[in-house]
Amino acid sequence: MKKEVKFVVSDLLDLELINAPIHVKELLFNFSIDFFERIELTNEAVKLADTYIQEGVVGKTSIEDCRHIAMATIYKVDVLASWNFKHIVNLDKIKGYNSINLRLGYAMIEIRSPKDLIKYGDE
């Protein structure tokens, strides 16, 4: 049985894609619009992202990264995929985000590199 894949996107992703290499942009364009769900930055997500900063998981310059994580948390995204190994796909940071999430009553967020999500061969 093949699992359905849904890409959860937001205006934050749109802004990041503006300066992304063309091959990165084309990855998403290979999929039908039916594979996408658009979410919005809510006040709840802004507050959660601010909490990540206030509690020192990352610095103030990483606010956009925190907003991605907060949105994925609030919208209960199964897996957040990122190439950002400094502020997002980083075991210590993931523990920090999840510690705050659990303390505030949210579920833990699964964060992975896109390479971790690719199926190879007949797996």
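Scroll up to find the structure.
Residues numbered from 1 in each chain as written. Predicted model: local features only at pLDDT ≥ 70, side-chain atom pairs only at ≥ 80, totals over all residues. Heavy atoms only, no water.

### Some points on the overall build of the protein chain
Looking only at helices and strands, the protein chain features five helices and four strands. The linear arrangement of helices and strands in the protein chain, starting from the amino end, is β-α-α-β-α-α-β-α-β. Each of the three principal axes of the protein chain carries a C-alpha extent, and together these read 40 × 30 × 25 Å. Taking the contacts inside the protein chain whose residues are at least 6 apart along the sequence as the reference set, 64% of them involve residues at least 24 apart. As presented, the protein chain carries roughly 8,700 Å² of accessible surface, and 55% of it is formed by carbon and sulfur atoms. Across the protein chain, the 16 positively charged side chains and the 19 negatively charged ones have centroids separated by 5 Å. (Helix = DSSP H or I, 4+ residues; strand = E, 2+ residues; numbered from the N terminus. Contact = heavy atoms within 4.5 Å. Areas by Shrake-Rupley, 256 points an atom, 1.4 Å probe, with all protein chains shown as cover. Lys, Arg positive; Asp, Glu negative; His and termini not counted. Charge placed at Lys NZ, Arg CZ, Asp CG, Glu CD.)

### Some thoughts on the layout of surface pockets
Of the voids in this model, the second largest pocket is the one considered here, and its volume is about 180 Å³. Along its surface, the second largest pocket is lined by Val9, Leu13, Asp14, Leu17, Leu28, Phe29, Phe31, Ile33, Phe36 and Arg38. Elements supplying a minimum of two residues to the lining of the second largest pocket: helix 1 (11-18), helix 2 (22-29) and strand 2 (36-38). Counting residues per element, the lining of the second largest pocket draws most heavily on helix 1, at three residues. Across the lining of the second largest pocket, the residue classes break down as eight nonpolar, no polar and two charged. (1 Å grid on protein atoms, 1.4 Å probe; cavity = no way out; pocket = protein on both sides within 12 Å on 5 of 7 lines; lining within 4 Å. Points joined across faces, edges and corners; volume = space filled by probe spheres on them. Nonpolar A, V, L, I, M, F, W, Y, C, P; charged D, E, K, R; others polar.)

### Overview of the pattern of salt bridges
In the structure shown here, the tally under the stated rule is five salt bridges. Salt-bridge contacts for arginine 38 lead to aspartate 14; the nearest nitrogen and oxygen are separated by 3.0 Å. Pair noted here: arginine 38 is in strand 2 and aspartate 14 is in helix 1, with a separation of 24 residues, a long-range link. What makes arginine 38 partly exposed here is its relative accessible area of 47%. For arginine 112, the salt bridge identified is with glutamate 110, shortest N-O distance 2.4 Å. Taking the relative accessible area as the measure of exposure, glutamate 110 reaches 33% and is therefore partly exposed. (Salt bridge = Lys/Arg side-chain N within 4 Å of Asp/Glu carboxyl O. Buried < 20%, exposed > 50% of the residue type's maximum accessible area, 1.4 Å probe, protein only.)

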